[in-house]
Amino acid sequence: ELNESDSPYSVCPNFEKQWRKEIQKTQKKLVLFKKKKIHKPSLILPLWQTFKFLLIKVAFLKVTADILAFMSPQIMKAMIMVRENRPSSYESGYGYAIALFFVGLSQTLLHQLYQRNNMLTAVKIKTAVVGLIYKKALTLANASRQNYTTGEIVNLMSADAQQLMEMTVNINLLWSAPFQIVMAVVFLWKELGPSVLAGVALLLLVIPVNVQIAAKVKNLKKSQMRYSDQRVKLLSEMLHGIKILKLYAWEPAYQRKLMSIREHEVDVLKSSGYLTTYSMLTLTCIPFMVSLATFGVFFHLDGENALTATKVFTSISLFNILRLPLFDLPSVISAVAQTKVSLSRLEDFLCAEDLNPEDVNTNYSGNHAVGFIGASFRWEKNGLPVLKNLNVSIPEGSLVAVVGQVGSGKSSFLSAVLGEMEKLEGTVQRRGSVAYVSQQAWIQNDSLQENILFGANLNMPYYKLVLESCALLPDLEQLLNGDQTEIGERGVNISGGQKQRVSLARAVYSNADLYLLDDTLSAVDVHIGKHLFEKLIGPSGLLKSKTRILVTHNVTLLPHTDLIIVMEKGRISQMGTYQELISKRANFTELIQVFSAEHTNEKTTPVEDLKVFLVCSSSFDQWKTLTNNKEKVATGGMKVSVVLKYLQAFNWRWMWLTVAAYLAQNALAIGQNLWLSTWTAETAKISDFTEWKQSQNYKLLIYGLLGFIQGLLICCGAYVLTKGSLSASRTLHHQLLDDVLHLPLQCFETNPVGQIINRFTKDLFIVDVRFHYYLRTWLNCTLDVIGTILVITSASPLFIVVVIPLGYIYFTIQRYYIASSRQIRRLAGASHSPVISHFSETLAGRSTIRAFGHQGRFIRRNNDVVYENLVYFYNNVISNRWLSVRLEFLGNLMVFFAALFVVLAGNTVSSSTVGLSISYALNIIQSLNFWVRKACEIETNAVSIERICEFAKMDKEKPWIMSKRPPEGWPDRGIIEFVNYKAQYRKDLGLALDDVSFQTRSKEKVGIVGRTGAGKSTLTNCLFRVLEGSEGKIIIDGIDISTIGLHDLRGNLNIIPQDPILFSGTVQSNLDPLGKHSDLELWEVLELCDLKVFVQSLPKKLLHEISEGGENLSVGQRQLVCLARALLRKTKILVLDEATASVDMETDNLVQSTIKREFYNCTVLTVAHRLHTVMDSERVLVLDAGRILEYDTPHNLLQRKGAFSEMVAEAGIRT
């Protein structure tokens, strides 16, 4: 468990309090300085106020550790001086060796304490910001929400908050790096006098260049984030609309779209990789260049100056200390720039406009439940009013129907009651608690029971009553785990009607005072709709004493309502009881006549035996009874095959070139130091000073040449590495995308989309940016450690005796750590997905959450999932510190033994050997630590590659294109024949279609009907081969469809699916993503769908941007766009999957007549919930439990008095 002070439950409220203070301060300034421009509230101040004591403590630990780091070179200097001046003095040598050990150990402990506190402070800051983003998402006004897609808001939480955390980890380097540089220069001055200024001047030259590069990298990072946002946004939409992509065979078109964005992203990565090459060069070569400049000037300042071992090796140790702050400073300055971008994005979001709770007045006199007085509303800032001059008073306990055509403002009317729209003028009054059922049901990824309880306690008798009233009991009998069945993300594993009834049950169980029902009955079968009205919504239902506002297209319900509101173009055109409107208003009567062309106005007959009506078959959408897949956490060691897969994508040629370049540069680095060592050894034995002076320049030249070649090799190595890593990024992304798009549709229905997106964001980021860096660092450290051991052993052969046991202990620690760390990382990775999934779910259902007033509960739930993620993160931090303390202890032991052995060797080793040996040993501490850490990073991050590659192992759907291709123009007659066809969703489940055989005629119109779960949708799934048959075959125009590729099949069929799914982009790209049709053709189909006038009224017409999921169109308009999309596909077979469930009768008639007219020479299969849509079919296919009960003309079936005539009688349709 976490300490109370570390948990989100205390961190988030404390930070929020400071943020509110900051906002108030800014608002006060705005009032005081009206004319002056005031900046938006800053996140920095509230963060400082909340975490200042932690940040100060961390800074104190850092400065102490930094000071200790400079003591080791001074002790080494004393040891070399002892050897130079008093070769026989042993005692002080032992003292210095022990001092080296204890100084190193103290520095290790302080540094690790700093690291621990630093990481924990950083993660607290991230937690606080994530909590604030989540809370903000729940209060964001709809006008502000238009500016942010779900992907962008999720990115703020995952990428920008993460950037802030990484900046906090490095923030101390902003002062610590200059402090270390100044200290190093002071100590170097003591050794080499004014000549050190030459080195400093070189440093000062390099820093601005590095800052320039850091700024460049920042701009590239911005571009990369922009492309990454675009890519994730498109991918998210593709995954949410995957059914459309598969049914229309659009995967290649969208794959190309995504790949072109990815190419731009890879180009940015390439530029940034080449800039990193320069950074690598400066990091490795700066100590050498500085030492070369300093030594060169040191000789030329004074002819008497000689390089002694003391001066050289003390200086080199100090130059090595200089290396890290010099490299860190520019990258921290660059990180500051990146963080400014993230901060700005976060501040913009957190300062976006909220809903105004005062728009709705809940404290008023009068006995009406809802009232509007001269109220006008709009959705978008600066947009036109959507609702105008509403005046209405709704009495408590009444049942109100809101009717009108598509886009007349019915759903907006409910949103205005909820306070979801921006109020321009007038008054809105609302009393009591609210329950809201949205038009597109919002379902949580939780058990069915938890979806209904929605945070309330279980009251069993009432719960049972609610299930019975919502007609859910027969469905529960079919689910394997009853009401404990887990519903997948967005309710993927239950049907549309069940989703709607579950969200209705949630509303009823909340026992609110006011019920807002947005077209709740449209998605359910007629008999279930009747049951819901009688048992629940109507005058004798469970809610009879409550106020109910029902948006509906079902005219048969109107006589039973207390008040009818007719909406037209955002105004209330008529209002009154059914009788009043019929008697007074001619145009209402016309509306009714249009609505009820195929409906009866007679009083509906009570439902007698619900059991008969709701007989569900065992085929109840059977893959859908699977419980939702939780993210799997891999276990065990890293598989070599995973790294091989990466190296394969990396390209072996680049891999071997990289290894060769790094080997050569490390060999040269050792060569440089050995050259210095022999040089100083010669200096100690000088007899002829003049001769020695002549050789100095030559020696300096060789030293410089070795460094120059090393620099070239570093550039080559970094360049080759960039090439290889880009090749790996490209290959792995392409493979992943290809694998995902070839998965069968069932996979998307049982795997949360969050898991798949995680592969394309977090895991791909590691491949793009991190993994090659870890490989490079590990390779460098390995060569470094081997080089160090060789150098020390050549100076003190006894050292090998210590290396072997220390090496054994070292590898034992490494194995022990890697096993636990790897698993902790994996668990942390898997615990991150629920944070994102819960956030995405909240964004999708924010209106429902706000309507029920459950914001507080969802904030607590968010804190719970963040808490779980933090537990793993804290364990990870602590395990890292555990490792570092032990490794650095071993490193300090190595330093101690290296020092001890040179003391023991006495006069047999020169002072230059002492210097070389100890300066290398001091270097090994960091190298050892880095070596294990990077080995572990490679292991744990290889998990990302493993996760990316796991889709390759999953079962794919059949090939898109096969060698056998259908002839051009197939199908030309549209004859569909099912021959003894059987299908099942899983081997262990019963048959979903059982021995189905029937044949359509050419151009025939066939209606498909049956109870819930009879196999209607399964039939269309089999026709499109979304579900492959287990026996029998389907023949279309003489071709067995299982013998051709999926795209040849799906590309030649046509479907208008149940859910109107649109993609963000223009109207044009939604109608014709493949760009096959001219504008003229697009306008023609828009006219046929009654959308031409609407699209012409938009400023950009066909180029009007449709927002994510088509949210800026009404559901009815979305359905019409889907119809227009189908009209463009000139094929001989059309499947209509309950396509008119979300539109009013008038639009329904328009759709039906358009289909009749435009598809007259096509075979049309209509899967219907509402029977009137199939009454004029040429034949009707009646399914039950996956078998065909009846197949004949509607007239003959009605005469036969079988299942079909029974259903017609139940629906109350006049024949």
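Residues numbered from 1 in each chain as written. Predicted model: local features only at pLDDT ≥ 70, side-chain atom pairs only at ≥ 80, totals over all residues. Heavy atoms only, no water.

Visitor: For this particular structure, what's the right way to read the overall build of the protein?
Guide: Counting its regular elements, the protein contains 38 helices and 22 strands. Judged by the C-alpha coordinates and their principal axes, the protein covers about 125 × 75 × 55 Å. Burial analysis of the protein (1215 residues in total) assigns 60% to the buried set. For the protein, the share of sequence-separated contacts (at least 6 apart) that also reach a separation of at least 24 residues comes to 83%. Of the roughly 48,400 Å² of accessible surface on the protein, a fraction of 58% belongs to carbon and sulfur atoms. Where the 127 positive side-chain charges of the protein centre and where its 109 negative ones centre are 6 Å apart. (Helix = DSSP H or I, 4+ residues; strand = E, 2+ residues; numbered from the N terminus. Buried < 20%, exposed > 50% of the residue type's maximum accessible area, 1.4 Å probe, protein only. Contact = heavy atoms within 4.5 Å. Areas by Shrake-Rupley, 256 points an atom, 1.4 Å probe, with all protein chains shown as cover. Lys, Arg positive; Asp, Glu negative; His and termini not counted. Charge placed at Lys NZ, Arg CZ, Asp CG, Glu CD.)

Visitor: Would you take a moment to explain the pairing of strand β11 (residues 976–983) for this structure?
Guide: Put simply, side chains in a regular strand alternate between the two faces of the sheet. Here β11 pairs with strand β14 (residues 1031–1036) via five bridges, running antiparallel. Following the sheet pairing, Glu 977 is matched in β14 by Ile 1035. (Pairing = 2+ DSSP bridges.)

Visitor: I tried to follow the pairing of strand β8 (residues 547–551) on my own but got confused; where do I start?
Guide: Most of β8 sits inside the fold, with five of its five residues counted as buried. On β8, burial covers both faces: Thr 547, Ile 549 and Val 551 on one face and Arg 548 and Leu 550 on the other are all buried. Relative to β8, strand β7 (residues 514–518) is paired through five bridges, and the arrangement is parallel. Residue pairing for β8: Leu 517 is matched across the bridge by Leu 550. This β-α-β element, β7 to helix α17 (residues 526–537) to β8, shows right-handed connectivity. (Right-handed = clockwise from strand over helix to strand, strands pointing away.)

Visitor: I would appreciate a short explanation of the sheet that holds strand β19 (residues 1133–1137) in the present structure.
Guide: Strand pairing within a sheet occurs via backbone hydrogen bonds; the two strands may be parallel or antiparallel. Here we have six strands laid out as an open sheet, ordered β16-β19-β20-β13-β21-β22, and mixed in their pairing. Unpaired on one side and paired on the other, β16 (1054–1056) and β22 (1187–1192) mark the two borders of the sheet. Here the average twist between neighbouring strands, direction ignored, is 20°. Note that strand β21 (residues 1179–1184) and β22 share five bridges and pair antiparallel. Counterpart to Val 1180 in the pairing with β22 is Asp 1192. (Axes fitted to C-alpha atoms, helices over the stretch in contact; angles between N-to-C directions.)

Visitor: When you look at the nonpolar core in this model, what are you seeing that I'm missing?
Guide: Residues Tyr 646, Phe 978, Leu 1019, Leu 1023 and Ile 1036 are the most contacted members of the largest nonpolar core, which totals 123 residues. The leading source of residues in this core is helix α25 (residues 753–795), at 10 residues. Ignoring anything within four residues of it in the chain, the contact list for Leu 1023 reads Ile 976, Phe 978, Ile 1034, Ile 1036, Ile 1041, Leu 1049, Leu 1053, Val 1135 and Leu 1165. Within the second largest apolar cluster, 91 residues are counted, among which are Ile 23, Ala 435, Leu 472 and Tyr 509. (Core = buried A, V, L, I, M, F, W, Y, C linked by side-chain atoms within 4.5 Å.)

Visitor: Would you mind showing me how to read the packing of helix α1 (residues 8–32) against helix α2 (residues 44–69) here?
Guide: The axes of two packed helices give the description: the angle between them and the distance between them. Contact geometry of α1 with α2 gives a least axis separation of 8 Å together with a crossing angle of 135°. Between α1 and α2, the angle falls in the class oblique. Every pair of crossing elements has a handedness; the one defined by α1 and α2 is right-handed. In this structure, α1 uses Val 11, Asn 14, Phe 15, Gln 18, Trp 19 and Glu 22 to contact α2, whose residues at the interface are Leu 45, Pro 46, Leu 47, Gln 49, Thr 50 and Phe 51. (Parallel < 35°, antiparallel > 145°, perpendicular 65-115°, else oblique. Left-handed = near helix turned anticlockwise from the far one by under 90°.)

Visitor: Mind showing me how you'd approach helix α7 (residues 173–192) here?
Guide: An α-helix turns once per 3.6 residues; consequently, residues spaced three or four apart project the same way. Taking 1.5 Å per residue, 20 residues should reach 28 Å; α7 reaches 27 Å between its end C-alpha atoms and fits that length. Among the residues making up α7, those that are buried are Leu 173, Ser 176, Ala 177, Gln 180, Ile 181, Met 183, Ala 184, Val 185, Phe 187, Leu 188, Glu 191 and Leu 192. Residue Gly 193 follows α7 closely and has a positive phi angle near 65°. (Expected span 1.5 Å × (residues − 1).)

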